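Each chain, letter by letter, is given below.
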Amino acid sequence: MGDFDNREREEVFSKKVRAGKRTYFFDVKATRSNDYYITVTESKKRLEDGVFIKHKIFLYKEDFEKFAEGLKDTIEYIKSNQEVVEKRYEYSEITEAAKVDDDFSFEI
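Owing to the predicted nature of the structure, the values given are computational and were not obtained by experimental measurement.

Rules and cut-offs
- Residues numbered from 1 in each chain as written.
- Predicted model: local features only at pLDDT ≥ 70, side-chain atom pairs only at ≥ 80, totals over all residues.
- Heavy atoms only, no water.
- Helix = DSSP H or I, 4+ residues; strand = E, 2+ residues; numbered from the N terminus.
- Buried < 20%, exposed > 50% of the residue type's maximum accessible area, 1.4 Å probe, protein only.
- Contact = heavy atoms within 4.5 Å.
- Areas by Shrake-Rupley, 256 points an atom, 1.4 Å probe, with all protein chains shown as cover.
- Pairing = 2+ DSSP bridges.
- Axes fitted to C-alpha atoms, helices over the stretch in contact; angles between N-to-C directions.
- Salt bridge = Lys/Arg side-chain N within 4 Å of Asp/Glu carboxyl O.

Student: Honestly, the overall build of the chain in this entry has me stumped. Any pointers?
Tutor: Helix and strand content of the chain: 1 helix and 6 strands. Reading the chain from its N end, one meets helices and strands in the order β-β-β-β-α-β-β. The buried share among the 108 residues of the chain stands at 11%. Considering only contacts within the chain whose residues lie at least 6 apart along the sequence, 16% involve residues at least 24 apart. With an accessible surface of roughly 9300 Å², the chain has 50% of that area assigned to carbon and sulfur atoms.

Student: Where do I start with the sheet that holds strand β3 (residues 36-45) in this structure?
Tutor: The strand order across the open sheet built from 4 strands is β1-β2-β3-β4, with neighbouring strands paired in antiparallel fashion. The sheet terminates laterally at β1 (10-19) and β4 (52-60), the two strands that pair on one side only. Across the sheet, the axes of successive neighbouring strands diverge by a mean angle of 20°, strand direction being ignored. Relative to strand β2 (residues 22-30), β1 is paired through 9 bridges, and the arrangement is antiparallel. Bridging from a neighbouring strand, Val-17 pairs with Tyr-24 of β2.

Student: Explain the pattern of salt bridges to me, please; I cannot follow it from the model alone.
Tutor: Charged atoms that come close allow side chains of opposite charge to pair. The full count for this structure, using the stated rule, is 5 salt bridges. Where Asp-35 meets Lys-61, a salt bridge forms, and the shortest distance between an N and an O atom there is 2.5 Å. Note that Asp-35 is positioned in the loop between β2 and β3 and Lys-61 in the loop between β4 and α1 (64-81), a separation of 26 residues in sequence. Under the relative-accessibility criterion, Lys-61 is labelled partly exposed at 44%. A salt bridge links Glu-48 to Arg-46; the shortest N-O distance between them is 3.6 Å. Look at Arg-46 and you get partly exposed, because its relative accessible area is 30%. Taken together, the shared-partner salt bridges in this structure form one network comprising Arg-46, Glu-48 and Asp-49.

What follows is the structure, encoded as C-alpha cells:
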C-alpha cells in the first residue's frame with residue numbers, strides 16, 4: 001500500500017456542531033476515484049485528564065437512504081415515547097452563561 005492509503009482522504013466539506021459537552025463533525029471526504037462518503041465524529045473531552053476522546057463512523061452514499069430512514073424512525077420513537085428537550089447552548093458576551101431553549105424539532 002502506498003503512503004496515500006495511510007492518510008486521511010481529501011476533505012471536501014465539513015460541518016462542526018457543538019452540543020453541550022460534545023462536538024460533532026460531519027465531514028464529506030473523497031476517495032481516490034472521487035467517490036464521496038461521510039464521516040461522523042463525536043468528540044468529547046475527558047474530565048480527568050483533558051484528553052479528547054473521538055468516535056467515528058463512516059457512511060457511504062449507497063447507505064444514505066437506509067441510514068436516514070433508521071435515524072428518523074429512531075428519533076420518532078423516542079419523541080413518541082418520552083419527552084425530548086433539546087438543550088441549545090448559547091453564550092452571552094456579557095455573562096457567558098448558557099441559555100437553554102426547550103424547542104425540539106428534527107427532519108431529514
